[in-house]
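Each chain is listed here by its residues.
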Amino acid sequence: MSMSIRAMQCFVAVVSTGSISRAAAALHVAQPALSLLIRNLEEDLGVVLLHRSARGVTPTAAGARMVAHAREILGRIDAARADVREDLSSPRGTVSLAMSMSMAKLVTVPLLRFSLKHWPGVYLKIIESSTGYIPGFVSSGHADLGLTFSDDASVDLRFQHLIDEELVVVSPPSEKRGKKPSSSALHALPIMDLRALVDLPLVLPGNQHSLRRLLDQYQQREGAEFRVIAEANAIPQLIELAQAGIAHTILSYAAVHQEAARGEVVLHRIAKPRLARPVFLCRSDVLPLSMAASAVADRVSRIIADSRPGGGSARTTVR
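Residues numbered from 1 in each chain as written. Predicted model: local features only at pLDDT ≥ 70, side-chain atom pairs only at ≥ 80, totals over all residues. Heavy atoms only, no water.

## A few points about helix 5 (residues 101–118)
Rules: Secondary structure is summarised from DSSP: a helix means a run of H or I of at least four residues, a strand means a run of E of at least two, and numbering begins at the N terminus for each. To estimate how far a helix should extend, the number of its residues minus one is multiplied by 1.5 Å. Working definition for bend: take the seven residues up to and ending at a residue and the seven starting at it, fit an axis to each, and measure the angle between the axes. Per-residue accessibility, obtained with a 1.4 Å probe over protein chains only, is compared with the maximum for each type, and a residue is labelled buried under 20%, exposed over 50%, and partly exposed between these values.
Helix length check: helix 5, at 18 residues, gives a terminal C-alpha distance of 25 Å against a target of 26 Å (1.5 Å per residue), a fit within 8%. Of all the bends in helix 5, the largest measures some 40 degrees and sits at Val107, one to four residues before the proline Pro110. For helix 5, the set of buried residues is Ser102, Met103, Ala104, Leu106, Val107, Leu111 and Ser115.

## Overview of the environment of Ser140
Note on placement: Ser140 falls in helix 6 (residues 134–140). A sequence separation of 144 residues divides Ser140 from Ser284, and the C-alpha atoms of the two residues are 8.9 Å apart.

## Examining the side chain of Glu259
To be explicit about the condition: Throughout, a contact is declared for two residues whenever any of their heavy atoms are within 4.5 Å.
Mapped onto the fold, Glu259 is located in helix 10 (residues 253–261). A relative accessible area of 10% places Glu259 in the buried class. If near-sequence neighbours (up to four positions away) are discounted, Glu259 is found in contact with Lys105, Ile239, Gln243, Glu264 and Val265.

## A few points about the nonpolar core
Rule in force here: By convention a nonpolar core is built from buried Ala, Val, Leu, Ile, Met, Phe, Trp, Tyr and Cys residues, the set being connected through side-chain atoms within 4.5 Å.
Ranked by internal contacts, the top residues of the largest apolar core, which has 35 residues, are Val168, Val170, Leu197, Leu215, Phe226, Ile250 and Leu267. In terms of nonpolar packing, the next biggest core, distinct from the first, is built from 28 residues, Val107, Phe149, Ala297 and Val300 among them.

## Describing the pattern of salt bridges
What counts here: By salt bridge we mean one thing: a side-chain nitrogen of Lys or Arg within 4 Å of a carboxyl oxygen of Asp or Glu.
Applying the stated rule across the entire model yields ten salt bridges. In this structure, Arg52 and Glu42 form a salt bridge, with 3.1 Å as the shortest nitrogen-oxygen distance. With Arg52 in strand 1 (residues 50–53) and Glu42 in helix 3 (residues 31–45), this pair connects stretches of sequence that are ten residues apart. Judged by relative accessible area, Glu42 falls into the buried class, the value being 8%. Across the salt bridge formed by Arg221 and Glu222, the nearest N and O atoms sit 3.5 Å from each other.

## Side note on helix 2 (residues 20–27)
The test is simple: The arc in question is traced by the directions running from the helix axis to the C-beta atoms.
Ile20, Ala23 and Ala24 are the residues of helix 2 that are buried. Axial view of helix 2: buried residues confined to an arc of 100 degrees, hence all on one face. Facing away from the buried side of helix 2 by over 90 degrees, the exposed positions are Ala25 and Ala26. In this fold, the buried residues of helix 2 make contact with helix 1 (5–17), helix 3 and strand 2 (56–59).

## Let's talk about the packing of helix 1 against helix 2
For clarity, the threshold we go by: Every axis in this analysis is a line fitted to C-alpha atoms, fitted for helices over the stretch in contact. Angles between the N-to-C directions lie between 0 and 180 degrees. Roughly parallel refers to an angle under 35 degrees, roughly antiparallel to one over 145, roughly perpendicular to one between 65 and 115, and oblique to any angle outside these ranges. Working rule for handedness: look at the near helix, and if it is turned counterclockwise from the far one by less than a right angle, call the crossing left-handed; if clockwise, right-handed. As a working rule, the residues Ala, Val, Leu, Ile, Met, Phe, Trp, Tyr, Cys and Pro are called nonpolar, Asp, Glu, Lys and Arg charged, and the rest polar, with Gly in that last group.
Interaxial distance between helix 1 and helix 2 falls to 8 Å at its minimum, and their mutual angle equals 125 degrees. Between helix 1 and helix 2, the angle is such that the two are oblique. For the crossing formed where helix 1 meets helix 2, the hand is right-handed. Packed against helix 1, whose contacting residues are Arg6, Cys10, Ala13, Val14 and Thr17, the element helix 2 presents Ile20, Arg22, Ala23 and Leu27 at the interface. Taken together, the residues of the contact of helix 1 with helix 2 sort by class into six nonpolar, one polar and two charged.

## Details of the packing of helix 5 against helix 10
Following both chains from N to C, one finds helix 5 and helix 10 inclined at 65 degrees, their axes separated by 7 Å at the closest point. From helix 5, Ser102, Lys105 and Leu106 reach across to helix 10, where they touch Ala254, Ala255, Val256, Gln258 and Glu259. Of the residues belonging to the contact of helix 5 with helix 10, the class tally is four nonpolar, two polar and two charged.

## Focus on unusual backbone geometry
Positive phi, normally seen in glycine, also occurs at His28, with a value near 60 degrees. Overall, the relative accessible area of 73% leaves His28 in the exposed class.

## Here's the deal with the confidence of the model for the chain
To keep things clear, this is the line we draw: One number per residue, pLDDT, summarises how confident the predictor is, and it ranges from 0 to 100.
Confidence along the chain averages 85 in pLDDT terms, with 89% of residues attaining 70 or more. Under a pLDDT of 50 for its full length, residues 310–319 has, in the predicted model, 29 contacts with residues more than four places off or in other chains.

## Topic: the pairing of strand 6 (residues 157–171)
Put simply, the test is: Strands are treated as partners if at least two bridges between them are detected by DSSP.
Of all 15 residues making up strand 6, 13 are buried, and the element is well covered by its neighbours. Bridge count between strand 6 and strand 12 (residues 276–284): nine bridges; the pairing is antiparallel. When the bridges of strand 12 are listed, Asp164 appears paired with Pro278. With four bridges connecting them, strand 6 and strand 10 (residues 249–252) associate as antiparallel partners. If you follow Val168 over to strand 10, its bridge partner there is Leu251.

## A word on the packing of aromatic side chains
Just so we agree on the cut-off: Put simply, two rings from Phe, Tyr or Trp (the six-membered ring, in Trp's case) pair if the centres are within 6.5 Å, and we call them stacked under 30 degrees between planes, edge-to-face over 60, tilted for the rest. Only when the NZ of Lys or the CZ of Arg is both within 6 Å of the ring centre and within 35 degrees of the ring normal is a charge said to sit over the ring.
Across all of its chains, the model carries three aromatic pairs by this definition. For the ring pair Phe114 and Trp119, a centre distance of 5.1 Å and an interplane angle of 75 degrees mean the geometry is edge-to-face. Ring geometry for Tyr218 versus Phe226: centroids 6.0 Å apart, planes at 35 degrees, classification tilted. Judged on exposure class, the residue Tyr218 and its partner Phe226 are both buried. The side chain of Arg277 reaches across the aromatic face of Phe149, ending 3.6 Å from its centre. Looking at Arg299, its charged tip hangs above the ring of Phe114, at a distance of 3.7 Å from the centre.

Here it is in structure tokens:
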């Protein structure tokens, strides 16, 4: 069998340089030995991996698939090597976290601040995306961790229920100039009942947005019908429309509490029933997490738990 780690490393080098001679120089091996290794690999697989010409080499269709597999395998080997060498108290490595804009507003600053202070060996990558794409990012390996609002996306993912995030009505600011903003703390917000809510002109996300689907379920369950005058998917747009006095909207408290604290919008809690959406931390159920990713997952859970009124420990329900 020629399918060894060394063979994969050499094959990737040949494809990357486009030349057996250049790859041999980079790897510090004799060119005939490298050529023989590649031919043995082709014989072992029973396919031609390279198109050879006077100008160099290019991968065949089979070669392109092989180099993709080889890079993934070599990357996992490097990650495994780094993982077992890590000191648990000093995690190292790159960790990618995918989340929606509303969760990014809540998590990014405290997470990065903590990481820079306590984990100098950790390099964070924050991926901001629509929540519908996030399970796919984690499942495909493009992200190590993800924050989602649903746990039914894929059988190869593991979901940890962190909190139920309360949704609030976002209204235009007070017309009285110079009026001091009222408290923006969630527990101190005024209450709005269903009757008052359905009379408001609302701008909400479109039907494909997870928040809109949740709101539609709420309408059906309560036998209510919202007065939706327009649609906008981006959270900044929804907040700007409320700030401008054009309409009201419904968002998570985490997405808009900073604007409320500055007096740019007015918030109301929704009562009878309270409206909330679950927040899940998802990870692969197939690939192991590195120590660095595990540390980040734990810190994200703590940040989100501490964002609840009164703080407290994160819930640990895993599905």
